[in-house]
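Observations on the three-dimensional arrangement
Take a look at the letters that make up each chain.
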Amino acid sequence: MADSEENNSLFPIFILSMIALPLVPYTILKLFRAASKKTKCINCQCSDCSRSGKYRKSVLKRITSVSTCGNFTLVLLWVIMAILVYYIKHMNSEIQVFEPFSILGLESGASDSEIKKAYRRLSILYHPDKNPDPAAHKYFVESISKAYQALTDPISRENYEKYGHPDGRQGFQMGIALPQFLLNIDGASGGILLIWIVGVCILLPLVVAVVYLSRSSKYTGNYVKNDTLGAYFHLMKPSLAPSKVMEVFIKAAEFVEIPVRRSDDEPLQKLFMAVRSELSLDLKNIKKEQAKFWKQHPALVKTELLIQAHLTRETANLSPNLERDCKRVLELAPRLLEELIKMALIPRTNKGHGWLRPAIGVIELSQSIVQAVPLSARKAEGIAPFLQLPHFNDDIVKKITRKKVRTFQELQEMTIEERAELFSQVANFSAAEVQDVENVLKLIPSMTVEVTCGTEGEEAIQEGDIVTVQAWVTLKRANGLIGALPHAPNYPFPKEENFWCLLADTNSNSVWFSQKISFMDEAAAVSAASTAIEERMEVLGARSKETSAAIREAVEKVKNGCRLAMGKFLAPAEGNYNLTCYLLCDSWIGCDRKSSLKLKVLKRTRAGIRGGQITDGGSLPEDGIDEEEEVEEEEEEDIESEYSEDEEDNQDRNKKGLANGKVRETSGSESSGSDEE
């Protein structure tokens with residue numbers, strides 16, 4: 001009986017230990033991260049973003065942010081721990097250790113006469129003949145009589161005084177930390193123990209594994225369905241124009257799951273008429289085009305109309321149900337667009353290159369969705385960047401461009417006083433509205449990139465070499481921030497900036513190297529840069545001091561607002577190649593940059609002797625073009641013109657680099673094959 005009670009008491013202690021071991025250090029780590037989290041405001045402070053409410057720290061939003069599934073589970077586990085501690089403490093007070101002297105009310109070492117007197121006194125109170133209470137009878141038999149017998153027997157008393165137990169030295173005992181009803185093997189509950197073991201040790205892990213595998217078989221690591229990736233892979237084409245990217249984007253399996261209601265038919269018809277000019281419809285055969293449009297899957301039709309409503313800023317006229325569906329579409333958009341970019345950059349050619357043109361089109365669509373700018377505005381030269389500023393519309397842009405401010409770059413180059421005068425006279429902006437525009441202009445990033453390209457440990461590049469690309473991307477803002485959230489009042493969710501570094505050959509529409517860059521997590525950037533530099537120095541055979549110095553220099557650059565993009569590609573056939581390094585932002589319009597890189601690949605010699613150098617001139621040979629992909633000249637001109645208004649001339653670009661690679665940042669109006677000064 002005592003053993004079963006002891007085993008029963010061990011069960012809550014076991015459960016408490018299993019919960020406390022991971023919970024206590026995890027809670028301490030979570031509190032430490034919360035205390036060390038920076039409180040610097042990194043989101044836009046203009047009136048439009050403030051009215052959007054997505055950054056407002058209201059009481060409801062604070063409760064909602066705290067009441068996440070993880071935090072709720074954390075609090076629940078602490079409540080369970082508190083209940084277990086209280087139960088164990090109360091249980092220990094009920095289960096008393098057998099102390100005969102304490103039961104008789106005597107001190108340890110009392111004489112035989114004192115023991116007999118105490119026994120007689122307690123017998124008068126608890127003996128069944130004197131006290132008919134059943135509890136008194138139980139206490140007298142199990143405690144008083146047992147204690148008297150243990151102390152009056154010389155051997156039992158000697159054992160107690162010597163070993164702490166009337167029966168003498170006690171051997172080592174082991175208990176099972178399970179409830180008492182599971183240990184009653186003699187009764188019918190013996191099968192319960194078997195069920196418990198099978199359930200906990202076999203069925204529970206099996207159920208968890210089945211649920212995990214069933215979910216992982218449908219989704220990728222970025223929580224995108226595998227059906228979506230398959231559709232994107234097959235629909236992606238090398239000559240996919242930016243205007244056609246929308247047709248591929250809406251084919252995601254996640255959008256098919258959006259409910260289609262009969263009550264949405266009439267509002268969608270009205271929405272179609274409002275955004276019809278933004279759809280890719282042939283105006284000559286408008287009736288057939290409309291009929292063809294409505295014959296698509298209803299969920300895809302609804303998705304495209306809701307996205308166009310967001311781009312044209314018509315969401316205020318949507319019904320509550322459509323507005324809720326539109327927010328769901330926009331919530332899914334960032335990770336779907338990221339996967340769509342990866343499908344464009346995934347190696348497709350026999351040389352392992354991705355496609356440039358569709359990648360640029362996807363990033364343009366991402367910019368338009370974040371800033372809520374119609375795709376038609378991007379076709380008009382210089383209008384789209386203005387529309388991302390607060391209080392700007394088409395009429396204000398037309399008025400400002402008439403005052404010799406043709407491009408967004410010219411507006412940024414003006415002084416604060418000149419801009420304030422322009423806005424107040426032409427656009428009739430108030431002082432508060434002018435300040436909103438200035439805050440956004442200070443938030444727009446200014447990007448520079450320094451690219452080097454060469455074979456490690458060699459003087460020149462020969463065909464078939466493993467070429468290392470190293471790009472240092474520097475970000476600066478007028479307000480001094482490095483990582484920040486973009487100004488996007490019409491996008492209903494906080495969105496982090498992401499940048500894509502692409503090394504591409506525009507003539508063959510191929511991307512040789514690509515990498516995603518983020519300026520939000522400095523610690524991760526420091527770790528990645530340190531690892532990349534350390535691996536590179538090991539390949540070069542550098543000493544430990546040189547490696548440490550290179551790592552310190554890289555860490556300092558990262559802390560000053562730089563990020564390292566490094567990768568490798570296989571050197572193509574012999575020839576001169578005019579490459580372009582694109583730096584594209586998925587959130588801002590007009591801050592993209594590109595740099596020209598002229599690469600010379602030598603023919604591999606039989607003896608393996610390396611020689612030659614990179615030249616700043618030379619035409620692109622025909623063998624440097626992928627013969628399997630025929631890219632028309634018209635498409636090539638589109639690639640060049642898509643960013644012609646985004647960048648400024650910079651003739652004095654830094655010419656540092658490896659001996660076998662040289663980079664120069666060019667303006668958007670220059671071609672990638674222009675010669676350096």
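Residues numbered from 1 in each chain as written. Predicted model: local features only at pLDDT ≥ 70, side-chain atom pairs only at ≥ 80, totals over all residues. Heavy atoms only, no water.

1. Here we look at the packing of helix α10 (residues 226–235) against helix α16 (residues 320–345)
A pair of packed helices can be characterised by two numbers: the angle between their axes and the separation between those axes. Where we set the bar: Here an axis means a line fitted to C-alpha atoms, over the contact stretch when the element is a helix, while the angle between two N-to-C directions is reported on a 0 to 180 degree scale. Numbered from the N terminus, helices here are DSSP runs of H or I no shorter than four residues, and strands are runs of E no shorter than two. Note on terminology: angles under 35 degrees are roughly parallel, angles over 145 are roughly antiparallel, angles of 65 to 115 are roughly perpendicular, and the others are oblique. Each helix crossing is assigned a hand: it is left-handed if the near helix lies turned anticlockwise from the far helix by less than a right angle, otherwise right-handed if that turn is clockwise. Contact between two residues is taken to exist if any of their heavy atoms lie within 4.5 Å; hydrogens are not considered. All residues other than Ala, Val, Leu, Ile, Met, Phe, Trp, Tyr, Cys, Pro, Asp, Glu, Lys and Arg, Gly among them, are scored as polar; the first ten of these are nonpolar and the last four charged.
Their axes nearest at 9 Å, the elements α10 and α16 cross at an angle of 45°. Between α10 and α16, the angle falls in the class oblique. Remark: the crossing between α10 and α16 carries right-handed chirality. Seen from α10, the contacting residues are Thr-228, Leu-229, Tyr-232 and Phe-233; seen from α16, they are Leu-336, Glu-339, Leu-340 and Met-343. Tallied by class, the residues present in the contact of α10 with α16 amount to six nonpolar, one polar and one charged.

2. Observations regarding the pattern of salt bridges
We apply this condition: We define a salt bridge as a side-chain nitrogen of Lys or Arg found within 4 Å of a carboxyl oxygen belonging to Asp or Glu. Per-residue accessibility, obtained with a 1.4 Å probe over protein chains only, is compared with the maximum for each type, and a residue is labelled buried under 20%, exposed over 50%, and partly exposed between these values.
The final tally for this structure, using the stated rule, is 18 salt bridges. Among the ionic pairs, Lys-302 bridges to Asp-325, the shortest N-O distance being 2.5 Å. Taken as a pair, Lys-302 in helix α15 (residues 298–311) and Asp-325 in helix α16 lie far apart in primary sequence, 23 residues in all. Like Asp-325, Lys-302 is buried. With a shortest N-O distance of 2.5 Å, Arg-477 and Glu-497 are connected by a salt bridge. With Arg-477 in the loop between β4 (466–476) and β5 (499–505) and Glu-497 in the loop between β4 and β5, this residue pair connects regions lying 20 residues apart in the sequence. Residue Arg-477 is classed as buried on the basis of its relative accessible area of 8%.

3. Focus on the environment of Ser-595
Along the chain, Ser-595 turns up in strand β9 (residues 593–602). Taking C-alpha positions, Ser-595 is 4.9 Å from Cys-581, a pair spaced 14 residues apart along the chain.

4. Overview of the side chain of Thr-547
Looking at where Thr-547 falls in the secondary structure, it is placed in helix α25 (residues 544–559). You can call Thr-547 buried: its relative accessible area is 12%. Those residues within four positions of Thr-547 in sequence are excluded, and the remaining contacts are Glu-534, Met-537 and Ala-542.

5. Considerations on the sheet that holds β4
Formally: Only when DSSP finds a minimum of two bridges between them are two strands counted as paired.
Here three strands make up an open sheet; going across it, the order is β2-β4-β7 and the pairing antiparallel. Two strands lie at the open edges of the sheet, namely β2 (446–454) and β7 (562–570), each paired on one side alone. Between one strand axis and the next, the sheet turns through 20° on average, direction left out of account. Where β4 meets β7, nine bridges bridge the pair, whose relative direction is antiparallel. Paired with Thr-474 across the bridge in β7 is Cys-562. In this fold helix α24 (residues 522–540) packs onto β4 and β7, with an angle of close to 40° to the strand it touches most, β7.

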